[in-house]
Every structure is written in C-alpha cells, then in structure tokens.
Amino acid sequence: MLLAGAASALCAAAVMAQPQSGPQTGLIFRNTITGEPLDLAEGKPGGRDTKAVQTFFQTGKNLYIDDKSCLRNGESLYLTSCSGCHGHLAEGKVGPGLNDNYWTYPANTEDTGLFATIWGGANGMMGPHNEDLNPDEALQVIAWIRHLYTGPVSDAAWLTDEQKKHYTPFKEGETFAKDEPGQCKPLE
Ligand code: HEC
C-alpha cells in the first residue's frame, strides 16, 4: 500500500518534470501594447500540435491563408468572437475596421502581429482572446480576416508574391461547403 503510494507519487513527479508539451516556439510573440512575451501554453487547450501551428510558431507563415476549409471555419469563429465589435465584414463598429490597409498597430500587417493582438489583446475593449480560441483556431480566424481584406493587394504583406497573383477578394454571399477540401476539419 505504502509502496504503491510512493511509486505513484514518484510517477507524478516524473510527469511534472517533463518539459511543457506542445510546440517549442521558434519565434517570440509579444503583447501588442506592453511588448511582454506571450505565454502560448496558456489559454484554451488543444490546437497546438497541428502542422500549421508548428510552422507558424517557427516561421510566422500561416498555411491556412486561402485554404477554403480553413476559411469556412475561420468565418464561423470570427462571427462568434469578433464580429460583434469589428463588424460582420470586419468593416469596423466599436472596434476598428480590420478589412482595410490602415492599422493602429502596424505589426498587424504581419500575421505574427495579428496573432499577438488576438492572443494578448490590445487596449480597452480589445481583451485577450486566448480563452475562446486556441492557436490553430486563431490561425483560421486570421485567414478569414485576411480574406475579408478590401485594400490594395500590393499592401497585403501577409500574401506571398504567388498568392498576390491569384488573389481574389471576398464576395458577399460567398459560401463554403461543409466538406470543402483542405487542411482544416469542420469545427465540432
Ligand atoms: C468587445 C469588443 C471587441 C471584441 C469582441 C474584439 N475586439 Fe478587437 N478591438 C476592439 C477595440 C475597441 C479595439 C481598439 C483597441 C486599441 O486600439 O488598442 C480593437 C482592436 C483590434 C485590433 C487592432 C487593429 C489595428 O488597427 O491595429 C485587431 C487586429 C483586433 N482588434 C482583432 C480582433 C479579433 C481577431 C477579434 C476576435 C477574436 C477581436 N478583435 C474581438 C474591440 C473588440
């Protein structure tokens, strides 16, 4: 009895001594306002071991840009978490528009900056959203926000040159199929 107890205590200690599970971040993400490093292990569980998240944490490149299966999810997550303040089409409401080429925080022209703003928040009503979105979902929301962009393609720093060539702006009424092929499984 006693031995079993000691063994399981040892076991627990061994588990706790493991390094944090989840991807090792190559990049350091910083709070948009304070510049403090953000802890990506905090917040909503899950969505940290996908290829897209691991790639993003290493390189800052969002593989979900332009992937219809992710845009479908991103739209739905955006409508739940963001549109109440930023508008249905990200045209702006109590929060600023996110679909033009003007940014209060120029870092948001990069997906790394946008991720940091979503994760850690900005001023006032723009609170952190790492409790309602895990990192993978945040990348899907980012893909959707980028899809809503109405500004000049030349200012779309988040697109590669190749993506710029094929860029087709969002059209109202556009819909996505439930079984849209791509990297993102339908949301539960
Ligand atoms: C309760 C209202 C509210 C919600 C919900 C909200 N925001 Fe905001 N957001 C704001 C306000 C207000 C600001 C302006 C804050 C500032 O300037 O620091 C802002 C600022 C931002 C900015 C900075 C824009 C710039 O010009 O640099 C981004 C990006 C942003 N929000 C994205 C999001 C996303 C993505 C979501 C959903 C996950 C979201 N917000 C949810 C109110 C909100």
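Being a predicted model, the structure only gives us computed values, none of them experimental.

Chemist: How should the overall build of the chain be read in this particular structure?
Modeler: Within the chain one finds seven helices and zero strands. Along the chain, helices (α) and strands (β) appear in the sequence α-α-α-α-α-α-α when read from the amino end. Put simply, the chain has 188 residues, and 31% of those count as buried. A separation of at least 24 residues holds for 70% of the contacts in the chain among residues at least 6 apart in sequence.

Chemist: Just to check I follow, could you spell out the confidence of the model for the chain for this structure?
Modeler: Reading fine detail from the predicted coordinates is not recommended where pLDDT is low. For the chain, the mean per-residue pLDDT works out to 89, and 87% of the residues sit at or above 70. Counted against residues more than four places away or in other chains, residues 11-19, with its pLDDT under 50, gives zero contacts.

Chemist: Any chance you could explain the site of the ligand here in plain terms?
Modeler: Taken together, 24 residues surround the ligand, and among them Cys82, Cys85, Gly95, Ala122 and Asn123 come closest. Of all elements in the fold, only α4 (83-86) and α5 (111-120) reach the threshold of two or more residues within the shell around the ligand.

Chemist: When you look at helix α3 (residues 68-81) in this model, what are you seeing that I'm missing?
Modeler: One full turn of an α-helix is made of 3.6 residues, so residues set three or four places apart face in the same direction. With 14 residues, α3 should reach 20 Å at 1.5 Å per residue; the first-to-last C-alpha distance of 20 Å fits that figure. Considered for burial, the residues of α3 that qualify are Ser69, Cys70, Leu71, Arg72, Asn73, Gly74, Glu75 and Tyr78. Buried residues along α3 sit against α4 and α6 (135-147).

Chemist: Mind showing me how you'd approach the nonpolar core here?
Modeler: A general trend in soluble globular proteins is that nonpolar side chains are found buried together. Ranked by size, the top nonpolar core spans 33 residues in total, and within it Val141 and Ile145 carry the most contacts. Elements supplying a minimum of two residues to this core: α2 (51-59), α3, α5 and α6. Among the elements that take part in this core, α6 stands out by supplying seven residues, more than any other. When sequence neighbours within four positions are dropped, the list of residues in contact with Val141 reads Gly74, Leu77, Tyr78, Cys82, Ile118 and Leu133.

Chemist: Before we go on, may I ask you to explain the packing of α5 against α6 in this structure?
Modeler: Contact geometry of α5 with α6 gives a least axis separation of 10 Å together with a crossing angle of 120°. Taken together, the axes of α5 and α6 lie oblique to each other. Crossing handedness for the pair α5 and α6: right-handed. Side by side, α5 and α6 meet where Asp111, Leu114, Phe115, Ile118 and Trp119 of the first sit next to Ala138, Val141, Ile142 and Ile145 of the second. Its residues placed into classes, the contact of α5 with α6 shows eight nonpolar, no polar and one charged.

Chemist: Would you take a moment to explain the environment of Asp39 for this structure?
Modeler: Positionally, Asp39 belongs in the loop between α1 (2-17) and α2. Under the C-beta neighbour-count criterion, Asp39 is labelled partly exposed, with 13 such atoms within 10 Å. Asp39 sits 81 residues away from Gly120 along the chain, and the two C-alpha atoms are 9.0 Å apart.

About the criteria used
Residues numbered from 1 in each chain as written. Predicted model: local features only at pLDDT ≥ 70, side-chain atom pairs only at ≥ 80, totals over all residues. Helix = DSSP H or I, 4+ residues; strand = E, 2+ residues; numbered from the N terminus. Buried ≥ 20, exposed ≤ 12 C-beta atoms within 10 Å, placed from the backbone. Contact = placed C-beta atoms within 7 Å. pLDDT = per-residue confidence, 0-100. Near = placed C-beta within 6 Å. Expected span 1.5 Å × (residues − 1). Core = buried A, V, L, I, M, F, W, Y, C linked by C-beta atoms within 7 Å. Axes fitted to C-alpha atoms, helices over the stretch in contact; angles between N-to-C directions. Parallel < 35°, antiparallel > 145°, perpendicular 65-115°, else oblique. Left-handed = near helix turned anticlockwise from the far one by under 90°. Nonpolar A, V, L, I, M, F, W, Y, C, P; charged D, E, K, R; others polar.

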